[in-house]
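# Reading the structure
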Amino acid sequence: MATIVTVTSGKGGVGKTTSSAAIAAGLAQAGHRTVVIDFDVGLRNLDLIMGVERRVVFDFVSVIAGEATLNQALIQDKRLENLSILAASQTKDKDALTEEGVGQVLDQLAEMGFEYIVCDSPAGIERGATMALHFADHAVIVTNPEVSSVRDSDRILGILQSKSKRAKEGGKVHEHLLITRYDPARVENGEMLSKEDVCDILAVKLIGVIPESKSVLKASNTGVPVILDDDADAGLAYSDAVARFLGEDRPMRFVTPKKQGLFSRILGGGD
Amino acid sequence: MALFGLFSGKKKTSAAAAKERLQILISHERQNRNGPDFLPDLQRDILAVVKKYVAVRDDHVSIRLDRAGDASVLELNVTLPEN
Ligand SMILES: Nc1ncnc2c1ncn2[C@@H]1O[C@H](COP(=O)(O)OP(=O)(O)O)[C@@H](O)[C@H]1O
Ligand SMILES: [Mg+2]
């Protein structure tokens, strides 16, 4: 039995792909056979973030269309032997993702022995996104501490609770809140919703808080999931989140402002 | 400015405003989505009937379903224009 983990948010640009890459790499690092699938048909990007863009020959849609086998389309990560990537199509349109086709690919991945199938959802609530939500066992709701992102996350929660396969069968998708691009200094100044605020509003269990970090751009520049950067605060925060997902109890890090001298504080250096 | 900020702790922050707005909006949106599927259609039909008699704006008719014990209460609010 494979566990399907969908990384979703509603709103675009909040960090779903960054988080999908990090979570998949983290699960693989922890010894679990993992595959990460890009559901953003037409706008693939996971391949770039994973650093495999030059190795994509076949993709998710070509497998569904029967033009390639799953084995031909899966890209084995060169850093982590437990990790594979299934890219999205760049050309086909998103209607290519049929419920039957997606279901068959997921079943086949489970048969191949993958323990975790991480689905990187596109933004919005159209086909790619609803397909990724439909099959979820777990949903990681990626939210920025910002009004439109929080509102969209709540809409996604509504869809999970009414339209997902599990919900329709009378069950429940396990929900996890992942707050990203968190800036503790701005939270302290009252300029940004705090993690407690977001948790209060959405009423979902917090699995991690990823700080706003320069290391994320560096990681995407080089095509290395940020979780593999041991010096990066964001990478360490993702490691903690994955450990919590796997049942470990870890305190939150990087949620208070970096210490500053009294002098720079008086001069207003808090930004 | 930073010094000033230290002493103005009582002023409502923008984050607090965001939280308050979100809580109101989301509780409203959750109510709508937990309602029966026909609620939006019912609202549209009622609006059409009201409009036959009074010129009201679309957003001046609101409808919600509340549960009170074992009964459901359908609440209809129509804001009529001044004249
Ligand atoms: N924690 C972070 N700190 C700084 N930048 C981030 C962080 N998370 C994501 N980003 C940046 O935000 C942008 C959108 O991220 P991405 O993962 O592609 O979002 P999505 O898949 O939700 O559209 C990217 O430029 C990414 O580098
Ligand atoms: Mg993305």
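Residues numbered from 1 in each chain as written. Chains lettered and ligands numbered in written order. Predicted model: local features only at pLDDT ≥ 70, side-chain atom pairs only at ≥ 80, totals over all residues. Heavy atoms only, no water.

## What to know about the site of ligand 1
Residues and elements named next belong to chain A. Every one of the 13 residues lining ligand 1 counts as a neighbour, but Gly13, Lys16, Thr17, Thr18 and Ser213 are closest to it. Interatomic distance of 2.8 Å between a backbone N/O atom of lysine 16 and an oxygen atom of ligand 1. Residue arginine 181 places a side-chain N or O atom 2.9 Å away from an oxygen atom belonging to ligand 1. Starting from 560 Å² of accessible surface for ligand 1 in isolation, the protein chains cover 77%. Put simply, the parts of the chain that give the shell around ligand 1 at least two residues each are α1 (16-29) and β8 (206-211). If one sorts the elements of the shell around ligand 1 by residue count, α1 sits on top with three residues. Considering only residue class, the shell around ligand 1 consists of four nonpolar, six polar and three charged. (Near = heavy atom within 4 Å. Polar contact = N/O pair within 3.5 Å; in protein donor to acceptor, adjacent residues only side chain to side chain. Areas by Shrake-Rupley, 256 points an atom, 1.4 Å probe, with all protein chains shown as cover. Helix = DSSP H or I, 4+ residues; strand = E, 2+ residues; numbered from the N terminus. Nonpolar A, V, L, I, M, F, W, Y, C, P; charged D, E, K, R; others polar.)

## Details of the pattern of salt bridges
Counted by the stated rule, this structure contains 20 salt bridges over all chains. With a closest N to O distance of 2.8 Å, aspartate 77 of chain A and arginine 79 of chain A form a salt bridge. With its nearest N and O atoms 3.4 Å apart, the salt bridge here joins aspartate 41 of chain B to arginine 44 of chain B. Of the two residues, aspartate 41 of chain B and arginine 44 of chain B are both situated in helix α3 (residues 39-53); the distance of three residues between them amounts to about one turn of the helix. For aspartate 41 of chain B, a relative accessible area of 40% corresponds to the partly exposed category. A cluster of three or more residues bridged by salt bridges with shared partners is formed by Asp240, Glu248, Arg250 and Arg253 of chain A. (Salt bridge = Lys/Arg side-chain N within 4 Å of Asp/Glu carboxyl O. Buried < 20%, exposed > 50% of the residue type's maximum accessible area, 1.4 Å probe, protein only.)

## Looking at the nonpolar core
Residues and elements named next belong to chain A. Of all hydrophobic cores here, the largest spans 38 residues; its most connected members are Leu83 and Leu178. Among the secondary structure elements, those contributing two or more residues to this core are β1 (3-8), α1, α2 (46-49), β4 (83-86), β5 (116-120), β6 (138-143), β8 and α12 (233-245). Counting residues per element, this core draws most heavily on α1, at seven residues. Setting aside residues up to four positions removed in sequence, leucine 178 forms contacts with Ser19, Ile23, Val140, Ile141, Val142, Thr143, Ile207, Gly208, Ile210, Tyr238 and Ala241. Ile141, Val187, Leu193 and Val204 belong to the second-largest nonpolar core, a separate cluster that totals 27 residues. (Core = buried A, V, L, I, M, F, W, Y, C linked by side-chain atoms within 4.5 Å. Contact = heavy atoms within 4.5 Å.)

## Quick notes on the environment of isoleucine 4 of chain A
All names here are of chain A. Within the secondary structure layout, isoleucine 4 lies in strand β1. Under the relative-accessibility criterion, isoleucine 4 is labelled buried at 11%. Put simply, isoleucine 4 and alanine 139 are 135 residues apart on the chain and 8.4 Å apart in space, counted from C-alpha to C-alpha. Residues within four places of isoleucine 4 in sequence aside, it is in contact with Leu106, Ile117, Cys119, Phe135, Ala136, Asp137 and His138.

## Regarding the interface of chain B and chain A
Counting residues at the interface gives 14 residues for chain B and 20 residues for chain A. When chain B packs against chain A, close to 1400 Å² is buried across both sides, 60% of that on carbon and sulfur atoms. Considering only the surface of chain B that becomes buried against chain A, Lys19, Leu22 and Arg33 of chain B emerge as the three largest contributors, covering 35% of it. On inspection of chain B and its partner chain A, the count reaches four salt bridges. Measuring nitrogen to oxygen at the nearest pair gives 3.4 Å for the salt bridge that ties lysine 19 of chain B to aspartate 197 of chain A. At the surface where chain B touches chain A, the tally comes to seven residue pairs in polar contact (both at pLDDT 80 or more). (Buried area = accessible area lost by both parts, 1.4 Å probe.)

## Section: the packing of helix α7 (residues 147-163) of chain A against helix α2 (residues 14-34) of chain B
Taken N-terminus to C-terminus, the directions of α7 of chain A and α2 of chain B make an angle of 25°; their axes are 10 Å apart at the nearest point. It follows from the interaxial angle that α7 of chain A and α2 of chain B lie roughly parallel. Read as a crossing pair, α7 of chain A and α2 of chain B show a hand that is right-handed. Across from Val147, Val150, Arg151, Asp154, Arg155, Leu157, Gly158 and Gln161 of chain A in α7 of chain A, the residues of α2 of chain B making contact are Ala18, Leu22, Leu25, Ile26, Glu29, Arg30 and Arg33 of chain B. The class makeup of the residues in the contact of α7 of chain A with α2 of chain B is seven nonpolar, two polar and six charged. (Axes fitted to C-alpha atoms, helices over the stretch in contact; angles between N-to-C directions. Parallel < 35°, antiparallel > 145°, perpendicular 65-115°, else oblique. Left-handed = near helix turned anticlockwise from the far one by under 90°.)

## Quick notes on empty space enclosed by the protein
Residue and element names in this part refer to chain A. Within this structure, the stated rule accounts for one cavity of 30 Å³ or more. Taken together, Ile23, Leu27, Val140, Leu178, Ile207, Ala241, Val242 and Phe245 make up the lining of the largest cavity. Of all the elements in the fold, those that place two or more residues in the lining of the largest cavity are α1 and α12. Among the elements that take part in the lining of the largest cavity, α12 stands out by supplying three residues, more than any other. (1 Å grid on protein atoms, 1.4 Å probe; cavity = no way out; pocket = protein on both sides within 12 Å on 5 of 7 lines; lining within 4 Å. Points joined across faces, edges and corners; volume = space filled by probe spheres on them.)

## Section: the side chain of lysine 195 of chain A
Residue and element names in this part refer to chain A. Among the structural elements, lysine 195 can be located in helix α10 (residues 195-202). Judged by relative accessible area, lysine 195 falls into the buried class, the value being 15%. Reaching out from lysine 195, the side chain makes a polar contact with the side chain of glutamate 196 at a distance of 2.7 Å.

## Details of α2 of chain B
Residues and elements named next belong to chain B. An ideal rise of 1.5 Å per residue puts 30 Å on 21 residues; α2 measures up with 30 Å between its terminal C-alpha atoms. Turning to α2, its buried residues number three or more, namely Ala15, Ala18, Lys19, Leu22, Ile26 and Glu29. For α2, the buried positions fall inside an angular range of 110° around the axis, keeping them on one side. In α2, the exposed positions angled more than 90 degrees off the buried face are occupied by Arg21 and Ile24. (Expected span 1.5 Å × (residues − 1). Arc of directions from axis to C-beta.)

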